[in-house]
Amino acid sequence: MNRKTIARMTAALAGVILAGGLLAGCMSPNAGATDQQQANRTYMTQVNRAMEDLNGRLAGFDEAVAQGNPVNMRAKADDAFAAIDDLAAIETPDAMKDLQKGYVDGCTALKDALNGYVDLYTEIDVATEEHPFDFGTYDDRIKAVQDKYNEGIDQLKAADEEALKLNED
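Every value quoted in this text rests on a predicted model; they were computed, and no experiment measured them. (Residues numbered from 1 in each chain as written. Predicted model: local features only at pLDDT ≥ 70, side-chain atom pairs only at ≥ 80, totals over all residues. Heavy atoms only, no water.)

Trainee: Before we go on, may I ask you to explain the overall build of the protein chain in this structure?
Mentor: Each helix and strand counted, the protein chain has 5 helices and 0 strands in total. Along the protein chain, helices (α) and strands (β) appear in the sequence α-α-α-α-α when read from the amino end. By residue count, 40% of the 169 residues in the protein chain fall in the buried class. For the protein chain, the share of sequence-separated contacts (at least 6 apart) that also reach a separation of at least 24 residues comes to 76%. For the protein chain, the exposed surface amounts to about 9,100 Å²; the carbon and sulfur share of it is 50%. (Helix = DSSP H or I, 4+ residues; strand = E, 2+ residues; numbered from the N terminus. Buried < 20%, exposed > 50% of the residue type's maximum accessible area, 1.4 Å probe, protein only. Contact = heavy atoms within 4.5 Å. Areas by Shrake-Rupley, 256 points an atom, 1.4 Å probe, with all protein chains shown as cover.)

Structure below.
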């Protein structure tokens, strides 16, 4: 996975965040809103903020990748994990529990992908002549990381689609 791939991954996440922002906007307050509707809007606003924060933190990870330093990548990945943890901690109205699970599952897959990426770069970085990195496995391992990342993005998109359906009801 190179810088170009990370940039594409970040762009995909930005698209999910944009959709989340649109959802929060669609759920704009009105005078007749019930407490449940207000709780749902508040929840979606918090999800949108958490996803924007995650996107910013992933941009920091992207910069660390460009530096090629696994220690910086780990620090930036851990920083992104804090945003994921914040998302998981959002107080969720009962009507949004399944939606929250979709967002958390998507972010957990992203977390796994970042860990896989950092682990791979760390292995390459610490390889020696006596214990060389097996570049014969690199393509398969990078593909597995990319697949995990795509899985997370797909779960986030599915959660956004579910939020749109809830908004239509």
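The rest of the description comes next.
Trainee: Hey, could you run me through helix α3 (residues 70-88) in this one?
Mentor: Under the 1.5 Å per step criterion, the end-to-end length of α3 is 26 Å for 19 residues, consistent within 8% with the ideal 27 Å. Where α3 is concerned, the buried positions are P70, M73, A77, A80, F81, A83, I84 and L87. Buried residues of α3, seen end-on, are gathered within an arc of 160° and therefore sit on one face of the element. The backbone nitrogen of V71 has a side-chain oxygen 2.8 Å away, supplied by the residue at the start of α3, namely N69. (Expected span 1.5 Å × (residues − 1). Arc of directions from axis to C-beta. Polar contact = N/O pair within 3.5 Å; in protein donor to acceptor, adjacent residues only side chain to side chain.)

Trainee: How should I be thinking about the packing of aromatic side chains in this particular structure?
Mentor: To describe a pair of aromatic rings, you give the distance between the ring centres and the angle between the ring planes. According to the stated counting rule, one finds 4 aromatic pairs in the structure shown. A connected cluster of aromatic rings, assembled from ring pairs, spans F61, Y117 and Y121. The side chain of K111 reaches across the aromatic face of F81, ending 5.3 Å from its centre. (Phe/Tyr/Trp six-rings, centres within 6.5 Å; stacked < 30°, edge-to-face > 60°. Lys NZ or Arg CZ within 6 Å of the ring centre and 35° of its normal.)

Trainee: Can you help me understand the packing of helix α4 (residues 97-126) against helix α5 (residues 138-168) in this one?
Mentor: Relative placement of two packed helices is described by the angle separating their axes and the distance separating the axes. Orientation of α4 relative to α5, taken along the N-to-C sense of each, is 165°, at an axis distance of 8 Å. Comparing the axis directions of α4 and α5 gives the class roughly antiparallel. Here α4 runs over α5; the crossing is left-handed. In terms of residue class, the contact of α4 with α5 is built from 18 nonpolar, 5 polar and 8 charged. (Axes fitted to C-alpha atoms, helices over the stretch in contact; angles between N-to-C directions. Parallel < 35°, antiparallel > 145°, perpendicular 65-115°, else oblique. Left-handed = near helix turned anticlockwise from the far one by under 90°. Nonpolar A, V, L, I, M, F, W, Y, C, P; charged D, E, K, R; others polar.)

Trainee: I tried to follow α5 on my own but got confused; where do I start?
Mentor: Taking 1.5 Å per residue as the helical rise, α5 with its 31 residues ought to reach 45 Å, and the 45 Å between its terminal C-alpha atoms agrees with that figure. Among all positions in α5, only Y138, I142, V145, Q146, Y149, G152, I153, L156, A159, D160 and A163 are buried.

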